[in-house]
Amino acid sequence: MGHIYLGCSFVLTDVRLIQILIPDGKRQAVLEVLEEKGVGYSVAEETEHEEYDVVVQFPLPTSAVESVLDELQSVGIDESTYTIVLDVEAVISEEFDELLEEYSDKTDDEEDDVEHRGITGEERIAREEILTRANELVTATPTYVVLTLLSAVIATAGMLLDSPATVVGSMVIAPLIGPTLAASVGTVLNERTLLHRGLKLQVLGILVAIGSAAVFALLVRFLFLVPPGLEILELGEINERASPNFLVLPIALGAGIAGMLSLMTGVSAGLVGVMIAVALIPPAAAVGLGIAFGVPRLAIGAGVLVTVNVLSINLSSLAALWFEGYRPEHWFNIGEARGAVVKQVVALILIISLTSVFLVGVTYNSHVAGNVEEEIRQEVDDELELADAQLELRDITVTRSGILPPQETDRVAVRIAIGPDDDPPRLVDRLKQRIEAVTETDVDMEVEYVLVERAGSATTTEA
């Protein structure tokens, strides 16, 4: 964050210092562009490189960097020269204050391809900066693989412990935000190398997460580090990934937009990276758990969740970057980039729509299951009221079977409290008949009576 101090005024703004090595013969043209833009500058002679004449440096508001560099490109300042963009702590200059006001008031339609400011406004960093930041977020492959592996193993352990804190902790070290944002930046700015690297690392990261989770879960299972016969779907952290509903979609879309906004504004992507990891690491670990414990429902449900999340994050981050007005450096690449963005968006929407059918099915299945359980509870209450003994419904457990929705109710277990002076009535057949009328399927019925003795306000319960 730069600071501008003018007399008794104190203004905060984002400031960048631009340093350019000017090739021989281009000095006058560069200085004319800067003077026309009202940019104050300093010039130093360059003696170490014969092909360069001088070094020019000048401060700019962050929102002005892209447009000024584009103007300088028209006079020959491009990739063949050296241009350095630095963050600045303070600028003390009335001339710079005037420049700041000029770019603060500048309208969005001055340039048809780069001046659109979207929702980030003046905080938006230049194309060159966002490209540099995207490259910095893509860590070296060995480091990326190790961090992803550790994150997935910790998440797997946390889910087996049913510990939300451990699962959240696993996301902090996950490096998945880099490849996701890099792929979007590569597409919009027509940087094919960055795009391909981002896509490859995303696929590699998901495969590493699933594989490491599966191997770790197998070791835990066969080394008897968890109780034998553990029903992993009874653990809350695991069960919620086995049956994802439609609400996971806005979470993933929001994570992608937040990640790209952090990149476009130069804000630290650390916390946003955790949000992206939330959508990817635990579901990928759940797929590994489903494979290791032989639970197809978990592997399929979590697999669909991973697919929907990774595609939705890519879609929303890509759309956010394009909406903000970022375009390739050269105008003749804009059409190619636009075509690539459109094709990628259409493909992502199509695949997300297809996979979201599963989410819709799960959401509908949950709604139906809730209604069925409520009707079953009502039928049990009605039957207990007809009994001669004093009976009290304590609990109902409804078990549904099936890997894919819709699932069918196949077992109902009822716990009923009964007084010590009453004989347990034979309710199984009557309850079974009532419940099967609700479910329209054959149901295994189980009734458990719990003996309850009351002395004053005290209650003694015996199974």
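Report follows, based on the coordinates. (Residues numbered from 1 in each chain as written. Predicted model: local features only at pLDDT ≥ 70, side-chain atom pairs only at ≥ 80, totals over all residues. Heavy atoms only, no water.)

## Description of the overall build of the chain
Turning to step 1, where the next piece is worked out: Each helix and strand counted, the chain has 14 helices and eleven strands in total.
Turning to step 2, where the next piece is worked out: Contacts spanning at least 24 positions in sequence make up 74% of the contacts within the chain whose residues lie at least 6 apart.
Turning to step 3, where the next piece is worked out: As displayed, the chain offers around 22,600 Å² of accessible surface, 57% of which is attributable to carbon and sulfur atoms. (Helix = DSSP H or I, 4+ residues; strand = E, 2+ residues; numbered from the N terminus. Contact = heavy atoms within 4.5 Å. Areas by Shrake-Rupley, 256 points an atom, 1.4 Å probe, with all protein chains shown as cover.)

## Description of the pairing of strand β5 (residues 52-61)
Turning to step 1, where the next piece is worked out: Counting buried residues along β5, seven of its ten residues qualify, which places the element largely inside the surrounding structure.
Turning to step 2, where the next piece is worked out: Direction of pairing for strand β3 (residues 15-23) relative to β5: antiparallel, over a ladder of nine bridges. Across the sheet, residue Val-15 finds its bridge partner in β5, namely Pro-61.
Turning to step 3, where the next piece is worked out: Sheet topology places strand β4 (residues 42-45) next to β5; four bridges connect them, and they run antiparallel. What sits directly across from Glu-45, in β5, is Val-54.
Turning to step 4, where the next piece is worked out: Two successive antiparallel strands, β4 and β5, enclose a turn made up of six residues. (Buried < 20%, exposed > 50% of the residue type's maximum accessible area, 1.4 Å probe, protein only. Pairing = 2+ DSSP bridges.)

## Things to note about a nonpolar patch on the surface
Turning to step 1, where the next piece is worked out: Where nonpolar side chains cluster on the molecular surface, the patch consists of Val-146, Leu-149, Leu-150, Ile-154, Val-172 and Ile-173 and spans about 460 Å² of accessible area.
Turning to step 2, where the next piece is worked out: No other element matches helix α5 (residues 141-160), which puts four residues into the nonpolar patch.
Turning to step 3, where the next piece is worked out: Note that Val-172 resides in helix α6 (residues 164-172).
Turning to step 4, where the next piece is worked out: Look at Val-172 and you get exposed, because its relative accessible area is 56%. (Patch = residues over 30% accessible without salt bridge, like charges linked within 9 Å, V, L, I, M, F, W, Y side chains within 5 Å. Salt bridge = Lys/Arg side-chain N within 4 Å of Asp/Glu carboxyl O.)

## Thoughts on unusual backbone geometry
Turning to step 1, where the next piece is worked out: Unlike most non-glycine residues, Asp-162 shows phi in positive territory, near 55°.
Turning to step 2, where the next piece is worked out: Its location among the elements puts Asp-162 in the loop between α5 and α6.
Turning to step 3, where the next piece is worked out: Unusually for a residue other than glycine, Phe-224 sits at a positive phi of about 55°.
Turning to step 4, where the next piece is worked out: On the basis of relative accessibility, which here comes to 64%, the residue Phe-224 falls in the exposed class.

## Some remarks on the environment of Pro-328
Turning to step 1, where the next piece is worked out: Position of Pro-328 among the secondary structure elements: in the loop between α12 (296-323) and α13 (334-386).
Turning to step 2, where the next piece is worked out: Put simply, Pro-328 and Arg-127 are 201 residues apart on the chain and 8.2 Å apart in space, counted from C-alpha to C-alpha.
Turning to step 3, where the next piece is worked out: Non-local contacts of Pro-328, meaning those with residues more than four positions away in its chain, are made with Arg-127, Val-188, Leu-189, Asn-190, Asn-333, Ile-334 and Ala-337.

## A closer look at α5
Because each turn of an α-helix spans 3.6 residues, side chains separated by three or four positions in sequence point in the same direction.
Turning to step 1, where the next piece is worked out: Its 20 residues give α5 an end-to-end C-alpha distance of 29 Å, which sits within 8% of 28 Å, the value for a rise of 1.5 Å per residue.
Turning to step 2, where the next piece is worked out: Residues of α5 that are buried include every one of Tyr-144, Thr-148, Ser-151, Ala-152, Ala-155, Thr-156, Gly-158, Met-159 and Leu-160, and no others. (Expected span 1.5 Å × (residues − 1).)

## As for helix α1 (residues 27-36)
Turning to step 1, where the next piece is worked out: Turning to α1, its buried residues are Val-30, Leu-31, Val-33 and Leu-34. Across the axial projection of α1, the buried residues extend over an arc of 155°, all falling on one side. Exposed residues pointing more than 90 degrees away from the buried face of α1 are listed as Gln-28, Glu-35 and Glu-36.
Turning to step 2, where the next piece is worked out: Each element contacted by the buried residues of α1 is listed here: β3, β4, β5 and α2 (62-73).
Turning to step 3, where the next piece is worked out: The first or second residue beyond α1 is Gly-38, which carries a positive phi of 75°. (Arc of directions from axis to C-beta.)

## Notes on the sheet that holds strand β6 (residues 83-87)
Turning to step 1, where the next piece is worked out: As summarised here, the arrangement of the four strands in space is β4-β5-β3-β6, forming an open sheet in which the pairing is antiparallel. Each end of this open sheet is capped by a strand with a single partner; those strands are β4 and β6. Adjacent strand axes in the sheet meet at a mean angle of 20° when their direction is disregarded.
Turning to step 2, where the next piece is worked out: Strands β3, β5 and β6 of the sheet are contacted by α2, whose axis makes an angle of about 150° with β5. (Axes fitted to C-alpha atoms, helices over the stretch in contact; angles between N-to-C directions.)

## Things to note about the packing of helix α7 (residues 177-188) against α12
Packed helices, taken two at a time, are described by the angle between their axes plus the distance between the axes.
Turning to step 1, where the next piece is worked out: It is the contact of α7 with α12, at a shortest axis distance of 9 Å, that shows an interaxial angle of 45°. Between α7 and α12, the angle falls in the class oblique. With respect to the hand of their crossing, α7 and α12 are arranged in right-handed fashion. Residues Thr-180, Leu-181, Ala-183, Ser-184, Val-185, Thr-187 and Val-188 of α7 pack against Ile-313, Asn-314, Ser-317, Leu-318, Leu-321 and Trp-322 of α12. (Parallel < 35°, antiparallel > 145°, perpendicular 65-115°, else oblique. Left-handed = near helix turned anticlockwise from the far one by under 90°.)

## Side note on the pairing of strand β8 (residues 391-401)
Turning to step 1, where the next piece is worked out: Across ten bridges, the pairing between β8 and strand β9 (residues 408-418) is antiparallel. Looking across to β9, one finds that Glu-392 is bridged to Ala-417.
Turning to step 2, where the next piece is worked out: Where β8 folds back onto β9 in an antiparallel hairpin, the turn is made up of six residues, including Gly-402, whose phi is positive at roughly 120°.

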